[in-house]
2 protein chains.
Amino acid sequence: MPRGLRMRHLAMGPPWWHGRFHGAGFRITIPREAILEVLSKTQKHLSAEEIYLAVHRLHPAVGLTTVYRTLELLVHIGLVFKFDFGDSRARYELSSGPKGARHHHHLVCTACGRVIDYTDFIDEEVELLQQTEKGLAKKYNFKITNHLIQFYGLCDKCRSKE
Amino acid sequence: MPRGLRMRHLAMGPPWWHGRFHGAGFRITIPREAILEVLSKTQKHLSAEEIYLAVHRLHPAVGLTTVYRTLELLVHIGLVFKFDFGDSRARYELSSGPKGARHHHHLVCTACGRVIDYTDFIDEEVELLQQTEKGLAKKYNFKITNHLIQFYGLCDKCRSKE
DNA sequence: TTGTTAATGAAAACCATTTTCATTTATTGA
DNA sequence: TCAATAAATGAAAATGGTTTTCATTAACAA
Ligand SMILES: [Mn+2]
Ligand SMILES: [Mn+2]
Ligand SMILES: [Zn+2]
Ligand SMILES: [Zn+2]
């Protein structure tokens, strides 16, 4: 028996997100495992095709259609965030890992497309957002579930090229 | 001589945005006039096709291609904002009128797609944003030129249908 | 008015995403 | 363990908003 594998399996247990799937009545499949694997191993904001290419290395049978469908599902159950950074394709990012949230917003360079995650000033932001959300909810009778904040400008490198 | 017309013309002068065009070396054309006319007469967030249809009533010769090209130009020179509210087509809005800015952000209903402009809490927001932008500019050496804030949730009507 | 060149419109191309449909596979309960 | 069943998948085609191409038109400086 391959001891290493056995031990690793025992030590790891099923991935933390299995519960989310079973709970919602969805099946755990190789494409889904692979896509979550890819997303959990990067800090980047990958497009559907980039995810497809990464998955394709280990699982050449997985198709781009399935990547799109899986991403839609993951967004739907809240495991993944979908963003538009203005490059005419959707970008995806794991919403949080097993350890918990890592809430952040984005800085987008309008020249080269670079995207920077930032977590500074989040505290003040969160406070303002809560206040704003409360006020808006009352005034417009809106039930706010989410928000999007992005800053646009020129990054370090593109600034010096001006 | 049609006195009414003459007087109106004298009273109005050339539209306020003509200067912006000439200054940037762009020509003033019927399609461009018509598109700005449409945008200045609505509070809605129109799609390219909706603008095209509205322009088409008075100027049937104007094509959809020109609408796209003009909108791109208007966004480029800062007269128009382009938004993505998640309905898979861009939405456009005049950035400000002759009287000055009317800065606002958006509340988007994820059920029916309704978009509400809001201007409340903008003061506090602006303060936080300035602070945040300053901090981010320093930390990441980013030159911030713009920001996007949107809240998502369920509107009045969609809430009661749940 | 005229010459230059930007702007335009129709049609075709583009391309990220979605749909279709026949096939495969995860799950369940006998 | 093994069918039964419905969910999930992959290939190919379709979709639809947007962009490109290219011949024609028109803004405007001289
Ligand atoms: Mn991010
Ligand atoms: Mn608005
Ligand atoms: Zn850059
Ligand atoms: Zn609604």
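All of these numbers come straight from a predicted model, not from anything done at the bench.

The rules behind the values
Residues numbered from 1 in each chain as written. Chains lettered and ligands numbered in written order. Predicted model: local features only at pLDDT ≥ 70, side-chain atom pairs only at ≥ 80, totals over all residues. Heavy atoms only, no water. Near = heavy atom within 4 Å. Polar contact = N/O pair within 3.5 Å; in protein donor to acceptor, adjacent residues only side chain to side chain. Helix = DSSP H or I, 4+ residues; strand = E, 2+ residues; numbered from the N terminus. Donors = N, O, S within 2.8 Å, 3.2 Å for Na, K, Ca; no water. Tetrahedral: all angles 85-135°; square planar, octahedral: opposite > 155°, others 65-115°. Buried < 20%, exposed > 50% of the residue type's maximum accessible area, 1.4 Å probe, protein only. Pairing = 2+ DSSP bridges.

1. Description of the protein's contact with DNA strand D
Then, in step 1: Inspection of the region around DNA strand D gives 21 residues, with A:Thr29, A:Ala61, A:Thr66, A:Arg69 and B:Tyr68 positioned closest.
Then, in step 2: Within the side chain of A:Arg32, one N or O atom sits 3.0 Å away from a phosphate oxygen of DNA strand D.
Then, in step 3: A:Arg69 has a polar side-chain atom sitting 2.5 Å from a base nitrogen of DNA strand D.
Then, in step 4: Taken together, the elements giving at least two residues each to the surface near DNA strand D come down to α3 (30–40) and α5 (64–76) of chain A together with α5 (64–76) of chain B.

2. Description of the protein's contact with DNA strand C
Then, in step 1: A:Tyr68, A:Ala90, B:Thr29, B:Thr66 and B:Arg69 are the nearest of the 21 residues found near DNA strand C.
Then, in step 2: Protein-adjacent atoms of DNA strand C, using a 4 Å cutoff, are sugar or phosphate at a proportion of 65%.
Then, in step 3: Residue A:Ile28 places a main-chain N or O atom 3.3 Å away from a phosphate oxygen belonging to DNA strand C.
Then, in step 4: A distance of 3.4 Å is found between a base oxygen of DNA strand C and a side-chain nitrogen or oxygen belonging to A:Arg69.
Then, in step 5: Of all elements in the fold, only α5 of chain A together with α3 (30–40) and α5 of chain B reach the threshold of two or more residues within the surface near DNA strand C.

3. Points about the coordination of the zinc ion (ligand 4)
Residue and element names in this part refer to chain B.
Then, in step 1: Note on the zinc ion (ligand 4): its protein donors are Cys 109 (SG), Cys 112 (SG), Cys 155 (SG) and Cys 158 (SG). The metal-donor distances range over 2.2 to 2.4 Å.
Then, in step 2: Angles of 105 to 113 degrees at the metal separate the four donor atoms of the zinc ion (ligand 4), which places the site in the tetrahedral class.
Then, in step 3: Expressed as a motif, the donor residue spacing for the zinc ion (ligand 4) is C-x2-C-x42-C-x2-C. Taken together, the residues span a long stretch of sequence, with Cys 112 in the loop between β6 (105–109) and β7 (115–118) and Cys 155 in the loop between β8 (143–154) and α7 (156–160) at a distance of 43 residues.
Then, in step 4: By relative accessible area, which is 0% here, Cys 155 ends up buried.

4. Points about the pairing of strand β3 (residues 90–94) of chain B
Residue and element names in this part refer to chain B.
Then, in step 1: Taken across its five residues, β3 has four buried, putting it largely inside the fold.
Then, in step 2: Two strands pair when backbone bridges link them, and strand β1 (residues 46–47) and β3 are joined in this way by two bridges, in the antiparallel orientation. Bridge pairing links Leu 46 to Tyr 92 in β3.
Then, in step 3: As defined by bridge partners, strand β2 (residues 80–84) adjoins β3 across five bridges and the pair is classed as antiparallel. Each bridged residue has a counterpart across the sheet, and for Phe 83 the counterpart in β3 is Arg 91.
Then, in step 4: As consecutive antiparallel partners, β2 and β3 are separated by five residues, and within that stretch Gly 86 has a phi angle of approximately 90 degrees, a positive value.

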